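# Observations on the model geometry
Letter by letter, the chains look like this.
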Amino acid sequence: MKKDYYSVLGLLRGADEREIKKAYRKMAMKFHPDKNKDSGAEEKFKEIAEAYEVLSDPKKKQIYDQYGYEGLKGGPGNPGPQEGKSGGQQSQGAPHFTQTNNGDPKANFSQFFGSSNPFESFFTGAEETMDFEDHLFGGFGQSNRGTPGHTCTKVKEPTIEREVFVSLEDIANGCQKKMKISKNIYKKEGTATQENKVLKINVKPGWKSGTKITFEKEGDQVPGKIAADVAFIIRDKPHPVFTRDGENILYSCKVELRDALCGTTVEVPTLEGGKVSLDFSEKVIKPTTLRKLKGLGLPLPKDPTKKGDLVVSFDIIFPDKVSETDKNIIRDVL
């Protein structure tokens, strides 16, 4: 069976070392089975690894270019015009091909990227601790080494992102989050040291979910590369009582059917810990009834002196069953 390794990596014949590495990086990231769960992704990942193992090795690449896939196995082959001008003769004399990673595509990936678990979370340990030890591009030895006559351009690593969950109370008042990071500093001679650092996030009152705070070049430092930025994305921590809707806070108040019909007074909690009384003694509470408590919501991000509302809805609790006597009374009354 013939295999076109150039086609697997999306390359044209004659691609140089830089183009092969670039293509492998892109394709391996796209089809890695830890990231891509589509059917066929794992098989595609194996083909990509096999293609890179051959084309990245000058000797194997030379054999493949001259004798084709069969030549790598040392068996007879019928190379096409692009594989050499052997006129269809058998290539029994072709050198034998040996896989350095025993055909393990993940071993190739680990060797290339410097990590055996590249998609592991960069943020480990306690809630506010992050670790770059398994930075996807943090392995030493993968720097962009220049070739004679060429200028080496440093490539900046992709931004590392982590979600930070903040309570509604902290969003209302503002707070400071301290994030401890650990990153690797790689030296040209191959040694590495680890640096611990605390990044401070000043959460402003009213910040919306999705707000991103970026610390430039705080990722692993590798020779020949520009360290990645570290970005924290603010998310709302689920609240046991309230739900956020922009600058408004939503509260669902449970009311018995009897109280909803006959009148009652309900106590509504606030985010600050107090309570507000709503008098419905002369009113009927319907499932569609809403009450807005002005200024008891969250601060507006652009003007924290202004606040949204606390919006109260009602969940009417109906009985599971009603006796015939009660039904008759209800019919007479309603």
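Preceding this paragraph is the structure being described.
Below is a short write-up of the structure. These figures come from a predicted structure and were not determined experimentally.

### Here's the deal with the overall build of the chain
On a plain count of helices and strands, the chain comes out with 9 helices and 16 strands. The buried share of the chain, taken over its 334 residues, is 40%. Counted over contacts in the chain with a minimum sequence separation of 6, partners at least 24 positions apart contribute 56%. In the form shown here, the chain has an accessible surface area of approximately 19700 Å², with 49% of it arising from carbon and sulfur atoms.

### Some words on the packing of aromatic side chains
Going through the model one piece at a time under the given rule, you end up with 7 aromatic pairs. Look at Phe 242 and Tyr 251: their rings are 6.0 Å apart centre to centre, the planes differ by 55°, and that puts the pair in the tilted class. The exposure classification of Phe 242 matches that of Tyr 251, with both residues buried. Positioned above the aromatic ring of Phe 31 is the side chain of Lys 44, whose terminal nitrogen or guanidinium carbon lies 5.9 Å from the ring centre.

### Remarks on the pattern of salt bridges
Pairing between side chains becomes possible if they bear opposite charge and their charged atoms approach one another. Counted according to the given criterion, the structure contains 18 salt bridges. Residue Glu 161 pairs with Lys 212 through a salt bridge whose shortest N-O separation is 2.9 Å. Within this pair, whereas Glu 161 is found in strand β3 (residues 160-166), its partner Lys 212 is found in strand β6 (residues 212-215), the two being separated by 51 residues in sequence. When the shortest N-O distance is used, the salt bridge between Glu 163 and Arg 235 registers 3.1 Å. You can see Glu 163 sitting in strand β3 and its partner Arg 235 sitting in strand β8 (residues 230-236), a full 72 residues away along the chain. Using a relative accessible area of 38% as the deciding quantity, one classes Glu 163 as partly exposed. Its relative accessible area of 25% is what places Arg 235 among the partly exposed residues.

Quick notes on the rules
Residues numbered from 1 in each chain as written. Predicted model: local features only at pLDDT ≥ 70, side-chain atom pairs only at ≥ 80, totals over all residues. Heavy atoms only, no water. Helix = DSSP H or I, 4+ residues; strand = E, 2+ residues; numbered from the N terminus. Buried < 20%, exposed > 50% of the residue type's maximum accessible area, 1.4 Å probe, protein only. Contact = heavy atoms within 4.5 Å. Areas by Shrake-Rupley, 256 points an atom, 1.4 Å probe, with all protein chains shown as cover. Phe/Tyr/Trp six-rings, centres within 6.5 Å; stacked < 30°, edge-to-face > 60°. Lys NZ or Arg CZ within 6 Å of the ring centre and 35° of its normal. Salt bridge = Lys/Arg side-chain N within 4 Å of Asp/Glu carboxyl O.

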